[in-house]
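Working through the structure, step by step
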Amino acid sequence: MQKYFNNPVYLQIKEGKKYVAMTINDSKTVTSFQTTVGDALTDVTVLSEDTEKNTRTVRFEITDETAELLAHVTYAADMGNGNIYNGKADFYLLFETETATKVADSEFPVAPKVALADGTYTLPFEAKHATEDKASTMQKYFNNPVYLQIKDGKKYVAMTINDSKTVTAFQTTVGDALTDVTVLATDDAANTRTVKFPLTDETAELLAHVGYQIEMKTRSLYVGAADFRLLFDTTKAIKVADSLFPQAGTIVDPGIPTEPTEPTEPTEPTEPTEPTEPTEPTDPLQLVNNHQYTINFKVMKATSDELSMMDEYTEKPATIKVEEGQAYAYLTLKNSHWITSFATEQAGKFVEAKVVSSNLANDTRVVKYPIANATAKTKAQTHVVIDDLPAVFGEDGYDGFYDVTIQLESNTLTDVTLTAPTEPIDPTKPIEPVLPSPSGPTSPLPSDNEDEETTPTTYVDPFNLQNNLKYTIDFKVLQANSNELSKMDDYTEKPATIKVENNQPYLYLTLTNSHWIKTFETNQNGQYVAAEVVSINKEADTRIVKYPVVNGAAKTPARTHVLIDDITGFSYDHTYDVIVALDADSIVDMTGKVITTTPAKTATNSVTMTSLVAPAVADEASTLNTSTTVPNNNAGDHLLKPAFNGVTNQNATTTTEKNAKTADTTSLIIYGMIILLIGGYFMRRIRLAKRIKE
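Residues numbered from 1 in each chain as written. Predicted model: local features only at pLDDT ≥ 70, side-chain atom pairs only at ≥ 80, totals over all residues. Heavy atoms only, no water.

All right, on to the overall build of the protein chain then. Counting its secondary structure elements, the protein chain contains 2 helices and 39 strands. Among the 694 residues that make up the protein chain, the fraction classed as buried is 35%. Of the contacts made within the protein chain by residues no fewer than 6 positions apart, 67% connect residues no fewer than 24 positions apart. Only carbon and sulfur atoms are counted for the fraction: they give 52% of the accessible area of the protein chain, which is about 44,300 Å². (Helix = DSSP H or I, 4+ residues; strand = E, 2+ residues; numbered from the N terminus. Buried < 20%, exposed > 50% of the residue type's maximum accessible area, 1.4 Å probe, protein only. Contact = heavy atoms within 4.5 Å. Areas by Shrake-Rupley, 256 points an atom, 1.4 Å probe, with all protein chains shown as cover.)

Right, here's the structure in full:
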């Protein structure tokens with residue numbers, strides 16, 4: 001593609017922005033040209049076109065002039081005999097900054113300004129991003145072209161908004177301020193609105209602003225605002241009759257004024273009530289244990305006193321609860337599915353706020369985080385991903401991180417702690433005597449479990465686990481990149497246990513074939529951390545590990561190292577990336593009850609190898625440390641990584657043993673021989689006794 005572009009190009013760096021202008025020297029062949037802006041290929045801006053010279057000068061934004069830039073063209077090559085070959089190609093642009101020569105700013109190519117004479121024109125336009133050289137999604141909300149009328153030195157633009165319900169407000173720059181446009185006509189049936197605004201220079205870009213609202217999947221309205229630029233292409237203006245310029249619609253008749261009503265008789269003044277004693281103000285620095293408060297707040301930008309956009313994603317007021325002497329702020333987040341992370345600064349580190357509850361229907365969730373008192377200014381970080389509003393954010397959506405400060409307004413603090421009155425207990429009605437059955441008393445049916453208590457099943461909210469309670473929950477260990485079960489699922493016992501300790505839920509997981517599982521780590525705040533070992537049962541070859549979870553619906557990324565080196569003719573060393581997915585529908589409150597787990601499948605039942613007999617005894621270096629605490633959850637060193645998951649060891653012939661029983665045959669033979677020896681001994685004693693009697 002080198003030969004299709006004039007060399008060198010122009011680079012302009014101004015106010016932190018970098019733009020390249022280059023000329024395509026075969027405009028007929030190169031039909032379109034795109035460069036990478038952000039993560040996407042984006043059409044370049046055409047500054048000028050010379051049909052006689054077959055050239056086209058374009059401009060595009062870059063971020064780093066020292067880096068290579070991916071570009072894309074479509075082309076139409078004349079093959080002769082009237083045949084045109086249409087194709088496309090990707091290539092890279094590499095700028096040689098070491099040979100750059102500084103020139104006057106005036107040499108950088110710009111779009112030609114074509115001033116228009118008095119008259120009325122149709123005028124095409126582009127809607128561009130407010131600060132970046134790329135198209136704005138607002139383009140689709142306006143009919144194109146617009147009307148421009150120039151008369152007696154004044155210029156006006158009339159344009160039609162084609163989605164009036166979505167675009168609720170529209171402003172353009174007049175002088176130095178954004179000013180509401182004038183509405184000429186509204187068509188509710190067509191959902192359109194025609195507006196007019198003054199213009200000083202049709203060849204200059206014009207800053208504009210819209211307010212919009214979009215109905216979400218949850219039927220709630222998302223309200224937002226956006227700035228963008230209007231660029232009019234005067235080179236393509238077409239003069240039309242003045243009568244075509246839109247005029248104001250018919251003024252609505254205000255109607256006939258109604259007759260004034262007779263004045264009503266004044267009512268007797270009411271007796272003034274006794275003034276109530278003023279309540280003591282709540283001290284924001286001395287919050288009372290087990291009390292609950294409401295408080296207003298603001299979400300501010302991290303580095304200024306301006307409101308952050310995140311403020312719109314919260315419900316007011318917040319709640320403060322003092323639990324075991326610690327105050328917590330309870331915050332309700334709106335558009336919850338957009339907010340993928342909400343972390344607050346605690347002791348110098350950002351910690352994910354605990355999810356108290358979620359409401360899928362309203363698309364909200366309640367989170368809580370600790371605070372010092374009701375005057376707290378808490379730093380927070382949140383990740384917002386919007387991928388379901390292509391009309392606003394384009395096909396790539398929006399993905400941004402906010403650094404904010406949550407400022408509690410202590411003067412709005414209100415104690416709302418309620419003391420529920422004790423309900424009177426109804427006297428117990430006398431029990432009617434049971435008449436004896438004519439056939440005599442009946443015996444109660446025996447229970448399968450005499451100790452079993454029949455208690456009604458209560459609903460457990462998996463997003464609101466209670467402190468000091470214990471739950472059971474089913475789970476699956478899934479492959480990291482799919483919903484298929486991982487092989488690691490076979491190395492766990494079901495169900496797992498959740499214990500809420502100091503208001504933090506922990507998942508207790510039992511790992512089988514423990515001496516094979518050298519490490520078990522879970523992702524905590526972006527880092528893999530070894531799960532804490534709670535206990536080890538060397539005889540059963542199991543160990544229980546625990547790690548923190550957000551709630552009973554958590555999907556926790558985990559990483560584990562499995563090393564099998566104690567089976568004759570087989571060696572395996574592999575690290576698994578998996579997801580431990582809790583089944584929220586299966587959660588059961590088991591506080592005070594015995595929990596029985598179901599052992600996992602024996603892993604050797606599915607091993608493929610030759611002549612699988614009793615496994616060789618592992619040496620001491622490969623067995624798990626039997627101490628009750630293993631801080632790093634490590635049970636051995638890594639070895640080489642042979643194939644697994646259905647691929648046999650290269651030193652073994654491929655045969656499959658299904659449900660192999662290690663050493664079962666040997667044990668039966670030994671027991672059989674012992675029984676025969678004992679039986680023979682007693683038979684001999686009986687015969688001797690008979691002979692003595694005779």
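Core analysis: the biggest nonpolar cluster contains 61 residues, and Phe142, Met159, Phe170, Phe228, Leu230, Ile320 and Leu331 have the highest contact counts within it. Val460, Phe475, Ala558 and Val578 belong to the second largest nonpolar core, which has 32 residues in total. (Core = buried A, V, L, I, M, F, W, Y, C linked by side-chain atoms within 4.5 Å.)

Now for the packing of aromatic side chains. If you walk through the whole model with that rule in mind, you get 12 aromatic pairs. Judged by centre distance (5.9 Å) and plane angle (85 degrees), the ring pair of Phe33 and Phe60 falls under edge-to-face. Placement of Phe33 in strand S3 (residues 30–37) and of Phe60 in strand S6 (residues 55–62) is noted, with a sequence separation of 27 residues between them. Taking the relative accessible area as the measure of exposure, Phe60 reaches 2% and is therefore buried. When the ring of Phe142 is compared with that of Phe170, the centres are 5.0 Å apart and the planes differ by 50 degrees; the resulting orientation is tilted. Residue Phe142 is located in the loop between strand S10 (125–129) and strand S11 (146–151), and its partner Phe170 is located in strand S13 (residues 167–174); the two are separated by 28 residues in the primary sequence. Classification of Phe142 as buried rests on a relative accessible area of 3%. Over the face of the ring belonging to Tyr156 we find Lys196, whose NZ or CZ atom lies 4.8 Å from the ring centre. (Phe/Tyr/Trp six-rings, centres within 6.5 Å; stacked < 30°, edge-to-face > 60°. Lys NZ or Arg CZ within 6 Å of the ring centre and 35° of its normal.)

For the rest of this paragraph, the subject is unusual backbone geometry. Residue Pro145 is reached from Asn144 by a cis peptide bond, and omega for that bond is 10 degrees. Mapped onto the secondary structure, Pro145 falls in the loop between S10 and S11. Looking along the chain, the bond that leaves Lys494 and enters Pro495 is cis, with omega of -10 degrees. The topology assignment puts Pro495 in the loop between strand S30 (475–479) and strand S31 (496–501). The backbone of Asn191 sits at a positive phi, close to 60 degrees, despite the residue not being glycine. Along the chain, the position of Asn191 falls in the loop between strand S15 (182–187) and strand S16 (192–199). In this structure, Asp363 is a non-glycine residue whose phi angle is positive, near 55 degrees. The buried category is assigned to Asp363, whose relative accessible area is 9%.

Let us look at the pairing of strand S27 (residues 377–386). Pairing analysis gives 5 bridges linking strand S23 (residues 339–346) to S27, with the strands arranged antiparallel. Across the sheet, residue Phe342 finds its bridge partner in S27, namely Thr382. The sheet contact formed by S27 and strand S28 (residues 398–415) spans 10 bridges and is antiparallel. Bridge assignment links Val384 to a residue of S28, and that residue is Gly400. (Pairing = 2+ DSSP bridges.)

Strand order in the open sheet made by the 6 strands is S15-S16-S12-S11-S9-S19, with antiparallel pairing throughout. Edge positions in the sheet fall to S15 and strand S19 (238–240), since each has one partner strand and no second. Put simply, the sheet's adjacent strands are angled 25 degrees from each other on average, direction ignored. Judged from the 5 bridges that link them, S11 and strand S12 (residues 154–161) form a sheet pairing that is antiparallel. Opposite Lys151, over in S12, you have Lys154 as the bridge partner. (Axes fitted to C-alpha atoms, helices over the stretch in contact; angles between N-to-C directions.)

Ordered in space as S10-S18-S17-S13-S14, the 5 strands form an open sheet in which the pairing is antiparallel. Of all strands in the sheet, those with a lone pairing partner are S10 and strand S14 (177–180), marking the two edges. Pairwise comparison of adjacent strand axes, ignoring direction, gives a mean angle of 35 degrees for this sheet.

One can find Thr405 in strand S28. Take Thr405: its relative accessible area is 14%, and that puts it in the buried class. Residues contacting Thr405, with those up to four places away along its chain left out, are Lys298, Val299, Met300, Lys301, Ala302, Lys377, Thr378 and Lys379.

Here the structure, examined in full by the defined rule, presents 14 salt bridges. With a closest N to O distance of 2.8 Å, Glu65 and Lys18 form a salt bridge. Taken together, the residues span a long stretch of sequence, with Glu65 in the loop between S6 and strand S7 (69–80) and Lys18 in strand S2 (residues 17–24) at a distance of 47 residues. Across the pair Arg559 and Asp577 runs a salt bridge whose closest N-O atoms are separated by 2.7 Å. Of this pair, Arg559 sits in strand S37 (residues 555–567) while Asp577 sits in strand S38 (residues 570–582), placing them 18 residues apart in sequence. (Salt bridge = Lys/Arg side-chain N within 4 Å of Asp/Glu carboxyl O.)

In the predicted model, the protein chain carries a mean pLDDT of 79, and the fraction of residues at 70 or more is 73%. Predicted confidence for residues 602–632 stays below pLDDT 50, and this span has 62 contacts to residues more than four positions away or in other chains. In this model residues 634–667 is a low-confidence stretch, pLDDT under 50, and it forms 57 contacts with partners more than four residues away in sequence or in other chains. (pLDDT = per-residue confidence, 0-100.)

Another aspect to go through is the environment of Val9. Position of Val9 among the secondary structure elements: in the segment before strand S1 (10–14). C-alpha separation for the pair Val9 and Ala21, spaced 12 residues apart in sequence, amounts to 6.0 Å. In contact with Val9, other than residues within four places in its own chain, are Val20, Ala21, Met22 and Phe95.

Position of Asp311 relative to the elements: it lies in the loop between strand S20 (292–301) and strand S21 (314–323). The class of Asp311 is buried, set by a relative accessible area of 13%. Each residue touching Asp311, except ones within four places of it in the same chain, is listed here: Phe297, Lys298, Val299 and Lys316.

Okay, the pairing of strand S36 (residues 542–548) next. Within S36, 5 of the 7 residues are buried, which leaves the element mostly enclosed by the surrounding structure. Bridging between strand S32 (residues 504–512) and S36 involves 7 bridges; their strand directions are antiparallel. Within the sheet, the bridge partner assigned to Thr510 lies in S36 and is Ile544. Hairpin connection, strand S35 (residues 532–537) to S36: the antiparallel pair is bridged by 4 residues, and Asp541 has positive phi, about 55 degrees.

One can find Gly249 in the loop between S19 and S20. Sequence separation between Gly249 and Ala185 is 64 residues; the distance between their C-alpha atoms is 5.0 Å.

Now for the environment of Asn359. Turning to its location among the elements, Asn359 is positioned in strand S25 (residues 354–359). Exposure remark for Asn359: the relative accessible area of 31% places this residue in the partly exposed category.

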